[in-house]
Amino acid sequence: MKKISPLLLFVILQYASVYSQTGGAPALLTTSKKAMDAFMDLRFGMFIHFGPVTLRGTEIGWSRNTQVTQNDYDSLYREFDPALFNADTWARTAKDAGMKYMTITAKHHDGFCLWPTAVTDYNISNGPFRRDIVGELATACRKQGIKFCIYFTVLDWHDPYYYTRNSNDSSKKPNADMDVFVGRMKSELKELITRYHPTMLWFDGNWEKAWTIGYGRELYQYIKKLDPDVIINNRLGKGGDALGAEAAGDYLTPEQTIGGLNMKQPWESCITICNQWAWLPNDKMKSLQQCIQTLVRSAAGNGNLLFNVGPMMDGRMEARQIARLREMGDWLKKYGQSIYSTKGGPYPPNNSFATTRKGNKIYLHIFEKKAILTLPPIPGIHILKAAWMNGGDVSFTQDEQAGYKITLPADLPDPNSAVIVLELNKNAEELPVVSN
Ligand code: H79
């Protein structure tokens, strides 16, 4: 008998193993651990909520039929002309903030498409601006080494085939047909994936009654067949804030709250720099300390932060927000090693400190002034050296029962989050989470 080449044998065995695991059904496509790990290493991304609604300064989607009448809202695109929009400037702003990816609202619940889709006329090419905002951003991000991602909601109050017409009316539209609607979604997603090659798709709106786990699974597989590497958040399936049986998606998405320490399931918190997702004049902006500590607490919980900016109707981001983001970038230039590509833990973040870890180092982020900071002991772990990141040594004592006592100065070297590097006798990444 002719010998089978090792490569051929490998391929046959791989196929047989997948085939037997799925009982003869075609294998379900999932996101690789490699792609997911690479995404989680990025830690910090920019969320952008943008669209014709900026002409009113009210919330995207939600103000349709509330603060803004439906007719007015749906007509705004005819005068939406963000003439000062510059994709390179947005990408540069993200880069200067130390952000590694960007997620743009290609379509929010109001149904308006920021790219020239063939599926609906309700898109950017039928307003005065005409330019492809999604496409220009994809190009600008690629040029500057920012991973490009797309927000797309499964809820579409504008589409005649979608089930409901707005946020305060849950009755069925006369022509509603979810199967037809999902077909239209697929065509839109196919355009977005094949034209712009997003690293990640950020779905939303999955709590809607008309959206089923069946549609979620179908779309997940549809997307994976178009591009197996694209990462998908957990809002394509049902199942709330878990990645359980009702879920379709790769990671969790706490909204306007920082996720807790979770070493098992990847997560990304989406949080606004002000209060509103879309631009609101004079919205209250977070302090630099709040911004930095939001990022640090996310990384310390083993999660990413998708930090939202709502640009103005003329296409520019607010100068004060750009300045705030740059301040975050300046902090990251000094302390980025304690954030990017690290793991969260082993200590759960609290009001006085949070930790990240990499190799044999624990990065201890200090939030609170106190004379002595005590860390609970970890069996078998000794601190070999403690020093300020970019600075001098820190004195400490250690005891198997009493733990590690770190002496802090009256003035911390950084008021927003000062970082002490603890060098351990073992690999910090392998330590179990320390329970409180
Ligand atoms: O796109 C952003 C939100 O519009 C969207 N998800 C993020 C990323 C979102 N859709 N629904 N929800 C969040 C949950 C519903 C929140 C609401 Fe409200 C509370 C809707 C009405 C009251 C927030 C506050 C939106 C309007 C006012």
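Residues numbered from 1 in each chain as written. Predicted model: local features only at pLDDT ≥ 70, side-chain atom pairs only at ≥ 80, totals over all residues. Heavy atoms only, no water.

Trainee: Talk me through the overall build of the protein; I want residue IDs and the actual numbers.
Mentor: For the protein, the count of helices and strands is nine helices and 15 strands. Taking 2.2 N^0.38 as the reference for a compact globule, 436 residues should give roughly 22 Å; the C-alpha atoms of the protein span a radius of gyration of 24 Å, in line with that estimate. Structurally, the protein occupies a C-alpha span of about 75 × 70 × 40 Å along its principal axes. Buried positions account for 55% of the 436 residues belonging to the protein. (Helix = DSSP H or I, 4+ residues; strand = E, 2+ residues; numbered from the N terminus. Rg over C-alpha atoms; globule rule 2.2 N^0.38 Å. Buried < 20%, exposed > 50% of the residue type's maximum accessible area, 1.4 Å probe, protein only.)

Trainee: Quick one: what's the story with the sheet that holds strand S5 (residues 231-232), residue by residue and with numbers?
Mentor: Taken in spatial order, the seven strands make up an open sheet running S5-S4-S3-S2-S1-S7-S6, and their pairing is parallel. Across the chains shown, the open sheet's two edge strands, defined by having one partner strand only, are S5 and strand S6 (268-272). Across five bridges, strand S3 (residues 147-153) lies against strand S4 (residues 200-204) in parallel orientation. Following the sheet pairing, Tyr-151 is matched in S4 by Trp-202. Packed onto the sheet, helix H5 (residues 133-144) meets strand S2 (101-107) and S3 and runs at close to 150 degrees relative to S3. (Pairing = 2+ DSSP bridges. Contact = heavy atoms within 4.5 Å. Axes fitted to C-alpha atoms, helices over the stretch in contact; angles between N-to-C directions.)

Trainee: Which residues make up the site of the ligand, and what values go with them?
Mentor: Close to the ligand lie Phe-47, His-49, Trp-62, His-108, His-109, Tyr-151, Trp-202, Asp-204, Trp-207, Glu-255 and Trp-277. Contact distances for the ligand include 2.6 Å between an oxygen atom and a side-chain N or O atom of His-49. A distance of 2.8 Å separates an oxygen atom of the ligand from a polar side-chain atom of His-108. Of the residues assigned to the shell around the ligand, the class counts are six nonpolar, three polar and two charged. (Near = heavy atom within 4 Å. Polar contact = N/O pair within 3.5 Å; in protein donor to acceptor, adjacent residues only side chain to side chain. Nonpolar A, V, L, I, M, F, W, Y, C, P; charged D, E, K, R; others polar.)

Trainee: For helix H9 (residues 319-335), give the residues involved together with the corresponding values.
Mentor: Between its terminal C-alpha atoms H9 stretches 24 Å, which fits the 24 Å expected from 17 residues at 1.5 Å a residue. When H9 is considered as a whole, its buried residues turn out to be Gln-321, Arg-324, Leu-325, Met-328, Gly-329, Trp-331, Leu-332 and Tyr-335. The buried side chains of H9 occupy one side of the element, clustering within an arc of 160 degrees when seen end-on. The outward face of H9, more than 90 degrees from its buried face, is lined by the exposed residues Ala-319 and Lys-333. Here the buried face of H9 lies against strand S1 (44-48), helix H4 (87-96), helix H8 (288-300), strand S7 (304-309), strand S10 (361-366) and strand S15 (418-424). (Expected span 1.5 Å × (residues − 1). Arc of directions from axis to C-beta.)

Trainee: Go over the pairing of S2, please, and point to the residues and values.
Mentor: Look at any regular strand and the pattern is simple: side chains alternate between the two faces of the sheet. Across the seven residues of S2, seven count as buried, placing the element largely inside the fold. In terms of strand pairing, S1 meets S2 through four bridges, oriented parallel. Paired with Met-46 across the strands is Met-102, a residue of S2. Two strands pair when backbone bridges link them, and S2 and S3 are joined in this way by six bridges, in the parallel orientation.

Trainee: How would you summarise the confidence of the model for the protein if you had to cite specific residues and measurements?
Mentor: When pLDDT is low, close inspection of the predicted coordinates is not appropriate. Residues at a pLDDT of 70 or more form 94% of the protein, whose mean pLDDT is 94. Ignoring residues within four places in sequence, the model shows residues 9-22, a span with pLDDT below 50, making four contacts including any to other chains. (pLDDT = per-residue confidence, 0-100.)

Trainee: Lay out the sheet that holds S15 with the relevant residues and their values.
Mentor: Ordered by their spatial adjacency, five strands build an open sheet running S8-S9-S10-S15-S12, and the pairing between neighbours is antiparallel. Two strands lie at the open edges of the sheet, namely strand S8 (343-344) and strand S12 (383-388), each paired on one side alone. Pairing analysis gives six bridges linking S10 to S15, with the strands arranged antiparallel. When the sheet's bridge partners are listed, Ile-366 is paired in S15 with Ala-418. Helix-sheet contacts for H8 involve S8, strand S9 (353-358) and S10, and the interaxial angle to S9 is about 55 degrees.

Trainee: Describe the pairing of S6, listing the residues and the values that go with them.
Mentor: A large share of S6 lies buried, amounting to five of its five residues. Covered by surrounding structure in S6 are Glu-268, Cys-270 and Thr-272 together with Ser-269 and Ile-271, the residues of both alternating faces. In terms of strand pairing, S6 meets S7 through five bridges, oriented parallel. Counted as the bridge partner of Thr-272 is Asn-308 from S7. You can see the chain leave S6, run along H8 and come back into S7, and the turn it takes is right-handed. (Right-handed = clockwise from strand over helix to strand, strands pointing away.)

Trainee: Which residues make up the nonpolar core, and what are the values?
Mentor: Grouped together as the largest cluster of nonpolar side chains are 93 residues, with contacts concentrated most on Phe-203, Leu-236 and Phe-307. Broken down by element, the residue count for this core peaks at eight residues, all from helix H6 (residues 178-196). Ignoring any residue separated from it by four or fewer positions in sequence, one finds Leu-236 in contact with Val-154, Phe-203, Asn-206, Trp-211, Gly-216, Leu-219, Tyr-220, Ile-223 and Ala-248. If you look at the next biggest cluster of nonpolar residues, it comprises 24 residues, including Ile-362, Ile-381, Ala-428 and Leu-431. (Core = buried A, V, L, I, M, F, W, Y, C linked by side-chain atoms within 4.5 Å.)

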